[in-house]
Amino acid sequence: MERKGQERKRKKRGMQFIPYDYEAAYNKTIADLNEWFVEQMFSHGKKMVYALKEITAGEQFEIEIYPQFRKMDDVPKEGQRVVKDNSKAQKNLNDKNARKYVERLINQNFGDRDIWMTLTYDDDHLPPDGDIDAAIKNMQNYIRRVNYQRKKRGLPNAKYVYVTEYNEGAEIRWHHHIVMDGALDMDVVEGCWNQSSRNEVRRLQKDENGLTGMSRYMVKEKKRIKSEKRWNSSQGLQDPNIKVVHSKQPEKGKGSYKPIGKYVDGMVKNQDTIREVLAGWYPEFDFTDAGVYYNDFNFMFYIHARMRRKKDNEKETEGKETKANPDDGSVRDGGGGRPPAHGSSGEG
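The rules behind the values
- Residues numbered from 1 in each chain as written.
- Predicted model: local features only at pLDDT ≥ 70, side-chain atom pairs only at ≥ 80, totals over all residues.
- Heavy atoms only, no water.
- Core = buried A, V, L, I, M, F, W, Y, C linked by side-chain atoms within 4.5 Å.
- Buried < 20%, exposed > 50% of the residue type's maximum accessible area, 1.4 Å probe, protein only.
- Helix = DSSP H or I, 4+ residues; strand = E, 2+ residues; numbered from the N terminus.
- Contact = heavy atoms within 4.5 Å.
- Pairing = 2+ DSSP bridges.
- Phe/Tyr/Trp six-rings, centres within 6.5 Å; stacked < 30°, edge-to-face > 60°.
- Lys NZ or Arg CZ within 6 Å of the ring centre and 35° of its normal.
- Expected span 1.5 Å × (residues − 1).

Asker: Can you help me understand the nonpolar core in this one?
Answerer: Inside soluble globular proteins, nonpolar side chains tend to come together where they are buried. With 35 residues, the main nonpolar core has Ile 65, Leu 278, Trp 281 and Tyr 282 as its most contacted residues. Those elements giving two or more residues to this core turn out to be helix H2 (22-25), strand S2 (50-57), strand S3 (60-67), helix H8 (260-269), helix H9 (272-281), strand S12 (285-295) and strand S13 (300-309). If you tally residues by element for this core, the top one is S13, at six residues. For Leu 278, the residues in contact, after removing those within four places along its chain, are Ile 63, Phe 287, Ala 305 and Met 307. In this structure, Leu 119, Trp 174, Val 189 and Cys 192 belong to the second largest nonpolar core, which totals 24 residues.

This is the structure in structure tokens:
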């Protein structure tokens with residue numbers, strides 16, 4: 001009973017911290033500073049409570065370390081807006097947090113052998129310039145045809161995420177990027193699109209970053225017309241798993257718990273130690289990359305790192321052999337624009 005009471009008190013204290021856009025608040029990379037300036041920041045900075053956010057999306061794992069505040073006035077002005085995790089309101093693709101959410105949603109719900117498509121239009125079916133509603137209606141009709149074919153085969157409705165793009169000056173002005181579960185044959189899936197025969201359809205294959213590269217291609221930063229800013233998805237997709245903690249043992253299962261702030265100084269002063277610290281915290285994951293950011297408003301720091309779940313040697317070897325011929329006959333390109341191969345992290 002006493003332990004439960006302590007947990008309730010901790011939760012109550014945690015609710016006093018305000019949610020804010022810490023990535024926007026701390027947007028200057030510390031890699032651009034020399035050691036003297038970093039030391040000066042430590043001498044001017046206050047002692048703050050740091051939170052550690054753990055985000056699991058499929059085999060991908062991210063950590064975000066950021067200071068917490070009780071008043072919005074204490075937050076650097078760039079981050080003074082409320083941002084909530086896994087919010088369905090994050091539909092505006094001009095917002096970086098929305099793009100991150102879509103990347104994680106795709107990694108959480110899709111994987112190898114699911115389907116990636118770029119659906120285009122021929123001249124006879126091209127929506128009027130700027131008429132995003134007409135383009136989205138075409139996609140809604142397409143999804144209905146796909147689900148009809150699935151129902152005939154005893155399959156549930158499709159899982160999908162799609163983004164509609166418009167570029168007035170491009171050769172292909174309208175197109176749709178969609179990722180869908182792979183239960184239905186690719187020929188049938190493509191055949192349900194009756195606006196053009198110049199489409200690209202392929203089976204997905206994750207790389208070391210999962211499907212992050214493909215996801216970033218879908219939601220890449222660009223100037224978007226009204227309503228093009230929105231992405232769309234099927235119902236019932238699983239949200240990424242998010243956990244926030246304020247202390248960690250130096251190694252998982254070993255040693256005393258220390259506040260996250262106790263680790264931050266070392267990570268900032270020597271970024272090579274980030275890999276070492278994370279290896280102790282998360283031995284089941286391999287380190288991918290990390291970055292440290294700051295704001296000279298309050299001399300605080302934001303740390304972001306990515307990891308991926310470890311695989312046994314047999315699976316790793318099998319994956320390397322498959323990636324030697326990544327398309328493996330599973331790609332049909334009818335002339336649409338090519339995204340990065342599978343899960344690769346290139347930007348479109």
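Asker: Before we go on, may I ask you to explain the sheet that holds strand S9 (residues 241-245) in this structure?
Answerer: Strand pairing in a sheet is mediated by backbone hydrogen bonds. Such pairs are either parallel or antiparallel. Taken in spatial order, the six strands line up as S1-S12-S13-S3-S2-S9 in an open sheet, and their pairing is antiparallel. Among the strands making up the open sheet, the edge pair consists of strand S1 (28-29) and S9. In the sheet, S2 pairs with S3 via eight bridges, with the strands oriented antiparallel. Each bridged residue has a counterpart across the sheet, and for Ala 57 the counterpart in S3 is Gln 60.

Asker: What is the right way to look at the packing of aromatic side chains in this model?
Answerer: The description of an aromatic ring pair uses the distance of the two centres, along with the angle that the planes make with each other. With the rule as written, the count across this model stands at 15 aromatic pairs. Relative to Phe 285, the ring of Phe 61 lies with its centre 4.5 Å away and its plane at 15 degrees, an arrangement referred to as stacked. One end of the pair, Phe 61, is in strand S3; the other, Phe 285, is in strand S12, with 224 residues separating them in the sequence. Centre to centre, the rings of Tyr 166 and Trp 174 are 4.5 Å apart; their planes meet at 40 degrees, and the pair counts as tilted. In this pair, the class of Tyr 166 matches that of Trp 174, namely buried. Positioned above the aromatic ring of Phe 110 is the side chain of Lys 159, whose terminal nitrogen or guanidinium carbon lies 5.6 Å from the ring centre.

Asker: Please explain helix H5 (residues 132-152) as it appears in this structure.
Answerer: Counting along an α-helix, one turn takes 3.6 residues, and residues three or four places apart therefore face a common direction. With 21 residues, H5 extends 31 Å from end C-alpha to end C-alpha; this agrees with the ideal 30 Å at 1.5 Å per step. All buried positions along H5 are accounted for by Ile 132, Ala 135, Ile 136, Asn 138, Met 139, Tyr 142, Ile 143, Val 146, Asn 147, Gln 149 and Arg 150. Summarising the contacts, the buried residues of H5 are in contact with strand S4 (115-119), strand S5 (160-166), strand S6 (174-180) and helix H6 (186-191). Of the residues trailing H5, Gly 154 is marked for its positive phi of about 75 degrees.

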